[in-house]
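# Examining the three-dimensional arrangement
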Amino acid sequence: MSGAHFAFTDRWGGVSAAPYEELNLGGAVGDDPGAVRTNRDIAAKSLGIDPVRVVWMNQVHGADVAVVDEPWGVGVPPLERSREWGSPVPEVDAIVTARRGLALAVLTADCVPVLLADPVAGVAAAAHAGRPGMVKGIVPAAVRAMVELGAEPGRIVARTGPAVCGRCYEVPQAMRAEVAAVEPAAHAETSWGTPAVDVSAGVHAQLDRLGVRDRAQSPECTLESGDHFSYRRDRTTGRLAGYVWLD
Ligand SMILES: [Zn+2]
């Protein structure tokens, strides 16, 4: 589709040392801030985008959406949760823009990175959908914010990236029941037969109900893949990023 670009990183090609090796893009996971900035420059360069024109989020597993026209702060983009710049990065789990050329980024390590774009309207969104965010409706909230800026669900292209799969994401039975009461499509079972949640399936069901039909889901499971960061597997680890932007 002309004009819309979607990209998801894996863990290779950066400068971070273990346990964040190599391309950790998360600024709030304990990694050296200098390494994170270098990695963000490397990733942006490989995508052909300007690293200072990338908008990040302070993700908090909520349902709040911010509309953005410019990167946060002035000059060198601040890392999320960094105190050095007075934390101008807001605590939201989705960002939406009608500004072409501005890239939106979402950080994950098992949660579902959701990238949305209506190339005709020139509106894009990035959302962080873990289990809590999916249940709270962060993705429908992002779509509603896009529609307010002129997007139409039937034109929105949706791409979800590497995430822990429904066969790996074990949860207590009561938690699965709570999630499935809100989003039945997320009801899952692990490969070893215990209760599980499939957050990607829940996100896609939500998008489908909103009329977003042009969807694709990464086949990669972060927990099973050695090429991706996984919080559930490694606890202290890096973050992958998903990027969306419009020409
Ligand atoms: Zn899996």
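In this report, the structure presented in the accompanying data block is examined.

Rules used throughout
- Per chain, residues are indexed from 1 in the order of the written sequence.
- Where local features are concerned, this predicted model is filtered to residues with pLDDT of at least 70; where side-chain atom pairs are given and counted, the filter is 80 or more; whole-chain, interface and lining totals use all residues.
- Water and hydrogen atoms were dropped before computing side-chain values, which therefore reflect all heavy atoms in the structure.
- A carboxyl oxygen of Asp or Glu within 4 Å of a side-chain nitrogen of Lys or Arg is what we treat as a salt bridge.
- The secondary structure listing takes helices from DSSP runs of H or I that are at least 4 residues long and strands from runs of E that are at least 2 residues long, numbered from the N terminus.
- Using a 1.4 Å probe on the protein chains alone, a residue whose accessible area is under 20% of its type maximum counts as buried, one over 50% counts as exposed, and one in between counts as partly exposed.
- Two strands are said to pair when DSSP picks up at least two bridges between them.
- As a rule, the C-alpha atoms of each element are fitted with a line to give its axis, helices using only the stretch in contact, and angles between N-to-C directions run from 0 to 180 degrees.
- In this description, contact between two residues means that some pair of their heavy atoms is separated by no more than 4.5 Å.
- It is the directions from the helix axis to the C-beta atoms that the arc portrays.

Turning our attention to the pattern of salt bridges. Going through the model one piece at a time under the given rule, you end up with 12 salt bridges. For Arg 167, the salt bridge identified is with Glu 224, shortest N-O distance 3.9 Å. Pair noted here: Arg 167 is in the loop between strand 8 (157-160) and helix 4 (173-182) and Glu 224 is in the loop between strand 11 (214-217) and helix 6 (231-234), with a separation of 57 residues, a long-range link. Here Asp 208 ties to Arg 215 by a salt bridge, and the two come within 2.9 Å at their closest N and O atoms. Here Arg 215 falls in the partly exposed class, since its relative accessible area comes to 28%. Overlapping salt bridges, with partners in common, bring together Arg 53, Glu 70 and Arg 99 in one network.

The mixed open sheet is built from six strands, whose spatial order is 3-4-7-6-8-11. Either end of the sheet is taken by a strand with one partner, and the two such strands are strand 3 (65-67) and strand 11. When the angles between neighbouring strand axes are averaged without regard to direction, this sheet yields 15 degrees. Where strand 3 lies against strand 4 (residues 94-97), three bridges are found, and the strand directions are parallel. Note on strand 4: the bridge partner recorded for Val 65 is Ala 94. Lying on the sheet, helix 3 (residues 138-148) is in contact with strand 3, strand 4, strand 6 (112-118) and strand 7 (123-129); it crosses strand 7 at an angle near 165 degrees. Where helix 5 (residues 199-209) meets the sheet, its contacts fall on strand 6, strand 7, strand 8 and strand 11, and the angle it forms with strand 11 comes to roughly 180 degrees.

All of the buried residues in helix 4 are Arg 176, Val 179 and Ala 180. The buried residues of helix 4 occupy an angular sector of 95 degrees when projected down its axis, which confines them to one face. Those residues of helix 4 that are exposed and aimed more than 90 degrees away from the buried face are Ala 174, Glu 178 and Ala 181. Check the buried side of helix 4 and you find it contacts helix 2 (131-136), strand 9 (187-189) and strand 10 (195-197).

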